[in-house]
Amino acid sequence: MRVRFAPSPTGALHIGGARAALYNWLMARGSGGTMVLRIEDTDRERSTPENVDQILDALAWLQIDYDEGPISQVQRSARHEEVLQQLLADGHAYRSTATGEDVKAYKAQHGADKGFRGTPEAEGAVRLRVPDDGATVVHDLVRGDTTFQHVHLDDPVIARADGTALYNFAVAVDDADAQITHVVRGEDHLSNTPKQLLVYVAMGVEPPLFAHLPLLHGPDGKKLSKRHGAASVQELRDAGYLPAAVRNYLALLGWGDTDDETLISTEELVRRFDVTRVAKNPARFDEQKLRWMNGRYLRELSLDELTAALEEYTGRAGLRDAVQISREKIQTLADFWPLSGFIFDGPGEDEKAKAKWLTDAGRGALVDAHDALAGLDTWELEPIEAALQGVVAAREVKPKDVFQPVRVALAGTAVSPGIFETLQVIGQEESLARIQAAAATAA
Ligand code: GLU
């Protein structure tokens, strides 16, 4: 099996592209086959080296590797030209004789986007000759057969007047030369496939098998876009997801009969992935489910692994103890700092929490807590807890009437890791200083 991922470097790698890359990779790895990476840079205006780098980085982050490539499509232009000359010579292709004026007149008469057989194009552009009758059938591993009657197909333009290849031509030549056996890509390419099949026929080459993946929708059923949150791989990375969780989620997405909340290791995915089981209907990308799954993956990391990931993500060092007391409460790497950054940077400024808990009664609780904690000579969880429980008992209040003012004193908000653990990690001296400062500002 030889598969390929063929992104156009006209933007970042989007989630749909990442899914196509992953499915190809799973097929290659599962069959002992070959994964080819081809950069389809024929759109010279919109393709940039920065986008190429971004795509390569995103694939590396996802740990999707390839055996051949990256191959630049533009660098194969001599070969495209060679095949073009051959098709012109044997009559499978012809140069359009319509002038720019003809194009204008035609469009004025028929509307700019009416697709009719023989729609005029700029003079000298090369078109593929579609047979007058018959049909081209796309056999698709996901969608079954789709029949395209030739009478409804324009003769596709395959090269500009200057001989440079257009997408539907270049892609077929490149896939044929690379002996690709399976083309797995987004459903948006389905209408291109008959044109590409006709190129194979003209070249006299056996075409590969095709699988078109259903579109990705957001939870609202609309086509996935930035509105739904992260839309590119880079954004998923910035949002604190782990590559293994993203791979797991993307693999299950649209894989018809599997519960999409199942944790499956990459090894098992490689073993079980079967493109023919991809569902035909649009897949729903639900970031909440990915968050949940990511949380599960975070919990499978060792403390050292998670600490390393968080230190890299936040650019801060010395996080281990704080990670230990936060890890049950975070689902993404991005959740850590808002929850626990106060341990390092001091209390935040949640005025609502302060108004609610740093009241007169709150001040009394803080003063008592300060005294009880100041008297401890071992700063361990058990004595810390006993000291605060002693304050609760002595004041005859509910635990939260003591714990919440202390929490707000330490964190500046009413949400934090466990209060005893937080006190311990912050240390006795610093905890007492924060409690004293909060007591002084309490109403
Ligand atoms: N370059 C095309 C794209 O990025 C994909 C082509 C293909 O997979 O055949 O949409």
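Scoring rules and cut-offs
Residues numbered from 1 in each chain as written. Predicted model: local features only at pLDDT ≥ 70, side-chain atom pairs only at ≥ 80, totals over all residues. Heavy atoms only, no water. Near = heavy atom within 4 Å. Polar contact = N/O pair within 3.5 Å; in protein donor to acceptor, adjacent residues only side chain to side chain. Areas by Shrake-Rupley, 256 points an atom, 1.4 Å probe, with all protein chains shown as cover. Phe/Tyr/Trp six-rings, centres within 6.5 Å; stacked < 30°, edge-to-face > 60°. Helix = DSSP H or I, 4+ residues; strand = E, 2+ residues; numbered from the N terminus. Pairing = 2+ DSSP bridges. Axes fitted to C-alpha atoms, helices over the stretch in contact; angles between N-to-C directions. Contact = heavy atoms within 4.5 Å. Buried < 20%, exposed > 50% of the residue type's maximum accessible area, 1.4 Å probe, protein only. Arc of directions from axis to C-beta.

Draft legend 1. Here's a closer look at the site of the ligand. Around the ligand, a shell composed of Arg4, Ala6, Pro7, Ser8, Glu40, Tyr167, Val171, Arg185 and His189 is seen. The contact in question runs from an oxygen atom of the ligand to an N or O atom on the side chain of Arg185, over 2.7 Å. Contacts to the ligand include His189, whose side-chain N or O atom sits 2.8 Å from an oxygen atom. When the ligand sits alone it has 300 Å² of accessible area, and the protein chains cover 80% of it.

Draft legend 2. Expanded view of the packing of aromatic side chains. Under the defined criterion, the tally for this structure stands at five aromatic pairs. The interplanar angle of 85° and the centroid separation of 5.3 Å between the aromatic rings of Phe403 and Phe420 together place this pair among those described as edge-to-face. Highlighted residues: Phe403 in helix α18 (residues 399-411) and Phe420 in helix α19 (residues 419-426), separated in sequence by 17 residues. Site record: aromatic cluster; members linked through ring pairs are Phe336, Trp337 and Phe344.

Draft legend 3. Fine view of the sheet that holds strand β4 (residues 93-95). Overall, antiparallel pairing links the three strands, which are arranged β4-β5-β8 in an open sheet. In the strand order of this sheet, the two ends are held by β4 and β8 (157-159), each with one partner. When strand polarity is set aside, the average angle formed by the axes of neighbouring strands in this sheet is 40°. Strand direction decides the pairing type here: strand β5 (residues 126-128) and β8, joined by two bridges, are antiparallel. Pairing of Val126 across the sheet is with Ala159, part of β8. Packing of helix α3 (residues 77-89) onto the sheet brings it into contact with β4, β5 and β8, and relative to β4 it is tilted by some 90°.

Draft legend 4. View of α19. Buried within α19 are the following residues: Ile419, Phe420, Thr422, Leu423 and Ile426. Along the axis of α19, the buried positions cluster into a sector of 160°, meaning they face one direction only. Looking at the buried positions of α19, the neighbouring elements they touch are α12 (320-326), α14 (342-345), α16 (360-374), α17 (381-395), α18 and α20 (428-441). Note on α19: the residue one or two positions beyond its end, Gly427, has a positive phi of about 100°.

Draft legend 5. Summary view of the pairing of strand β7 (residues 144-149). Sheet topology places strand β6 (residues 135-140) next to β7; six bridges connect them, and they run antiparallel. Its bridge partner lying in β7, Val137 is registered against Thr147. Linking β6 to β7, which pair antiparallel, is a turn of three residues.

Draft legend 6. A look at unusual backbone geometry. The linkage connecting Gly69 with the following residue, Pro70, adopts the cis geometry, with an omega of 0°. Mapping Pro70 onto the fold places it in strand β3 (residues 68-72). Even without a glycine there, the phi angle at Gln179 is positive, about 55°. Tracing the chain through its elements places Gln179 in the loop between α5 (167-177) and β9 (182-186). When its relative accessible area of 57% is taken as the criterion, Gln179 is described as exposed. Positive phi, close to 55°, is recorded for Glu396, a residue that is not glycine. Assignment of secondary structure puts Glu396 in the loop between α17 and α18. Its relative accessible area of 74% is what places Glu396 among the exposed residues.

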